[in-house]
Structures are given as C-alpha cells and as structure tokens.
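# Structure at a glance
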Amino acid sequence: MNIRKAVIPVAGLGTRFLPATKAIPKEMLTIVDRPTIQYIVEEAVASGIEQVIFVTSEGKSAIENHFDYDFALDTVLHMKKKENLAEELNHISNLIDIVSVRQKKPLGLGHAIWSTRNVVGNEPFAVLLGDDLVLSDEPCCRQMISLFDDVQESIVAIQRVPRDQTKSYGIVEGKPYDERTYTVDRMVEKPAPGVTDSDMAIIGRYILRPEIFSLLEETEPGHGGEIQLTDALLKLSRQRAMYAYEFQGTRFDAGDKLGYLKAIIAFGLRHPELGKEFRKHIKQVAENF
Ligand code: UTP
C-alpha cells in the first residue's frame, strides 16, 4: 500500500503564542519569507504526497487562502509587470490538491485526525503537525514513507530529549529494530517524573494505518480533557506492530516562542539568497550583545 494522503491538523488554539495568535493562525507566522505551513506542505509535496487534508477551525481561513488562487492579485501583478512574483504565487496555489475538514470542537489532536476519516478512507496516510518544522536533507515525511514501504505498519517519528523535558511529550518505550528504528512496546502521554526511563519523544510526523480511526472513535478524553492520539496509538500498538523512527534532521516546535526563534535562525542560515549575509550578522550579534 502506498501513502498518497497527508493530514495536516491546524485547528489548535495556539495559546502558547498569544498575543501573536489572537487574529493570525500560528501556522501563518513567517519563517524568513514564507509561513510555517508552507514549509510543511512543501515537505509533503517533496515526499510524493498527492493530496493534503487540512483540519481547520474557526479563524484559520488565512491558511486556506494562502494556498488558493487569487484572481484579483494575479491580475494586478501582471498589470504591474511583476511576472516573477505572480509566478511564485501561482506556484504556491498549484503545489498540491488540498481539501479542508472542519474540527467542530477543539477536542484534541486525536479528535482532529478522527475528523478526516471520510476523506482519508481505508488507506494508510501521513500526519504532519502544522506547527512542527523539520530541517533535513531528505524530507522527514519521505524518510518515514521509505520505512513504511518495508514494514507496512504505523510509524511515529521520534527524537531524543533531555530527561527533564519528557513530561512535555508523548514518550515511546521500545526495542531496537535497526539503526534508527525501534519496535514500540509502550507509549505514555506527557509522563510525570519516574513513570518512564525512556527519552524517545514523539514529534509531529506519523504514518498511520486506517485502523486508527475506529480506535480514536472509542478513545475517551485523556490528558487535558482532550482525545489523545497517543492513547489510540497505544491501543493500535497492542493489536499490530508499530515502529518508532529516529528521523535524520532537526525539528523545531514553531508553535512555541523559543522554538520559533530557533527555527528562524536555522532556516535563515540555510536560505539560498540571504544565508551568507545572515551568518555574518549572527556572528557580529553574538560578539556584541
Ligand atoms: P498543540 O499541542 O500545539 O496545541 O497541538 P495548540 O492548541 O495548537 O497550541 P497551544 O498548545 O494552545 O499553544 C498540536 C497539533 O494538533 C493540532 C494543532 O493545530 C497542532 O498542529 N490540534 C490540537 C488540532 O488540530 N485540534 C485540537 O483540538 C488540538
């Protein structure tokens, strides 16, 4: 089975980034010259995904507009002979086939994914969280799809985190399968100190088999009163094999203020036109402040 569809949940409230996110979705905050969400859609496209399914909520229409064709703007840009800009904007709207599904209540990530069941149907799919950026040579989603081609089972992307940070993540316990892959034994959402020895934290990339939908349907609200994806994943891992994959690359939580700043620096340094000048500037700033 091939992975053709990617679900990108963007229905969260973004309370960690207030007041910036009062009127603007956090996924529309800019990293160098494009909104966070564009990097994520570009990762999906570069991974061979054919259709993106956004899970949206009230106030997120700017995200849909960003990927839409804007006839008035296109006409004005052509009149002003700004052909390159017009082409770049059309490139964004032509990137991929996009469908939107509304999450009617903010009941958590698990509920957001469950909302896409009728659009995804009975096939495995990728999930890319709308505020989690990965900077890597090979797109993180493509690395995971390559692993799925071998194992044909659900996969969560993981990174090692310091022990004092495990309480902020879903944590996986498992056994080595190959160099970067583990078979999942247990998962726990935001563990209190002492609950687990593992430092393998789940980040915002998943490949899920469609069996996850019926498990989400029967999952009761867990941590924070939300329907937790981790709880349904744990049930799925008891029914069939599941893998944790330590991806190659660096991940940034762009929904968090410090993570966002770190992402701007990293993406700025790697920018093809601005990178060189920006590197010089960063060195000067580090010396003078
Ligand atoms: P977060 O934990 O980052 O929550 O959600 P949030 O609400 O977006 O942000 P904060 O914590 O209030 O600042 C992880 C992912 O799950 C989506 C978010 O959009 C984000 O991509 N999500 C979360 C939903 O789609 N629906 C929800 O009900 C909750």
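Structure report, in brief.

Reading the values: rules and limits
The residue count restarts for each chain, going from 1 along the sequence in the order it is written. pLDDT decides what is reported in this predicted model: residues at 70 or higher carry local features, side-chain atom pairs at 80 or more are listed and counted, and totals for whole chains, interfaces and linings draw on all residues regardless. Side-chain measures were taken over the full set of non-hydrogen atoms in the model, leaving aside hydrogen atoms and water. Only C-alpha atoms enter the line fits that serve as axes; for helices the fit covers just the stretch in contact. Angles between N-to-C directions range over 0 to 180 degrees. Only DSSP runs of H or I covering at least 4 residues are called helices, and only runs of E covering at least 2 are called strands; the numbering of each starts at the N terminus. Comment on the angle field: the value is read as roughly parallel under 35 degrees, roughly antiparallel over 145, roughly perpendicular from 65 to 115, and oblique elsewhere. Only heavy atoms matter for contacts: two residues are in contact if any of them lie within 4.5 Å across the pair. For this scheme, ten residues count as nonpolar: Ala, Val, Leu, Ile, Met, Phe, Trp, Tyr, Cys and Pro. Four count as charged, namely Asp, Glu, Lys and Arg, and the remainder, Gly too, count as polar. One speaks of a salt bridge when a side-chain nitrogen belonging to Lys or Arg is within 4 Å of a carboxyl oxygen belonging to Asp or Glu. Burial classes: relative accessible area under 20% of the type maximum marks a residue as buried, over 50% as exposed, and values in between as partly exposed (1.4 Å probe, protein chains only). Less than a right angle of anticlockwise turn of the near helix away from the far helix marks a crossing as left-handed, whereas a clockwise turn marks it as right-handed. By convention in this text, a residue qualifies as near a molecule or strand provided that one of its non-hydrogen atoms is within 4 Å of it. Contacts described as polar in this section are N or O atom pairs within 3.5 Å, which, within protein, must combine one atom able to donate a hydrogen with one able to accept it, while residues neighboring in sequence count only if both atoms come from side chains. Areas reported as accessible are Shrake-Rupley estimates using a 1.4 Å probe. Residue values count occlusion only from the protein chains shown. A helix's residues, less one, multiplied by 1.5 Å, set its expected span.

## Details of the packing of helix H10 (residues 257-269) against helix H11 (residues 275-288)
What describes two packed helices is the angle between their axes and the distance between those same axes. Two elements in contact, H10 and H11, have axes separated by 8 Å at closest approach and are oriented at 130°. Between H10 and H11, the angle falls in the class oblique. Facing H10, whose interface residues are Ile-264, Ile-265, Gly-268 and Leu-269, H11 presents Gly-275, Phe-278, Arg-279 and Ile-282. Class assignment of the residues belonging to the contact of H10 with H11 gives a composition of five nonpolar, two polar and one charged.

## Topic: the pattern of salt bridges
Under the criterion given, the structure shown has 22 salt bridges. Salt-bridge contacts for Asp-131 lead to Lys-26; the nearest nitrogen and oxygen are separated by 2.7 Å. Taken together, the positions of Asp-131 in the loop between strand E6 (125-128) and strand E7 (132-135) and Lys-26 in the loop between strand E1 (5-9) and strand E2 (30-31) put the pair 105 residues apart, joining distant regions of the chain. Judged by relative accessible area, Asp-131 falls into the buried class, the value being 12%. Linked through salt bridges whose partners overlap, the residues forming this network are Arg-4, Lys-5, Glu-50 and Glu-123.

## Describing the packing of helix H3 (residues 71-79) against helix H4 (residues 83-93)
Their axes nearest at 8 Å, the elements H3 and H4 cross at an angle of 155°. With respect to their mutual orientation, H3 and H4 come out roughly antiparallel. For the pair H3 and H4, the crossing hand works out as left-handed. Contacts between H3 and H4 involve Leu-73, Asp-74, Leu-77 and His-78 from the former and Glu-83, Leu-85, Ala-86, Leu-89 and Asn-90 from the latter.

## Observations regarding the site of the ligand
Around the ligand, a shell composed of 19 residues is seen, among which Thr-15, Arg-16, Lys-26, Gln-103 and Gly-108 lie nearest. A distance of 2.9 Å separates an oxygen atom of the ligand from a polar backbone atom of Pro-9. For the ligand, an oxygen atom lies 3.5 Å from a polar atom in the backbone of Gly-130. Coverage of the ligand by the protein amounts to 83% of the 570 Å² it exposes when considered alone. The residue inventory of the shell around the ligand, partitioned by class, reads nine nonpolar, six polar and four charged.

## So, helix H7 (residues 140-151)
Counted at 1.5 Å a residue, the expected span for H7 with its twelve residues is 16 Å, and the 17 Å between its end C-alpha atoms agrees. Following H7 by one or two positions, Gln-152 adopts a phi angle in the positive range, close to 55°.

## Digging into the side chain of Lys-60
Secondary-structure assignment places Lys-60 in the loop between strand E4 (51-56) and helix H2 (61-66). In contact with Lys-60, not counting residues within four places along its chain, are Val-10, Ala-11, Gly-12, Pro-25, Lys-26 and Glu-27.

## Quick word on unusual backbone geometry
Note that the residue after Leu-18, namely Pro-19, is joined by a cis bond; omega there is 5°. Following the sequence through the fold, Pro-19 ends up in the loop between E1 and E2. Non-glycine residue Lys-81 carries a positive phi angle of around 60°. With respect to the helices and strands, Lys-81 occurs in the loop between H3 and H4. Given the relative accessible area of 67%, Lys-81 is considered exposed. A positive phi angle, near 55°, is found at Gln-152, a position not held by glycine. Here Gln-152 shows up in the loop between H7 and strand E8 (154-160).

Limitation: the analysis is restricted to geometry and does not speak to function.
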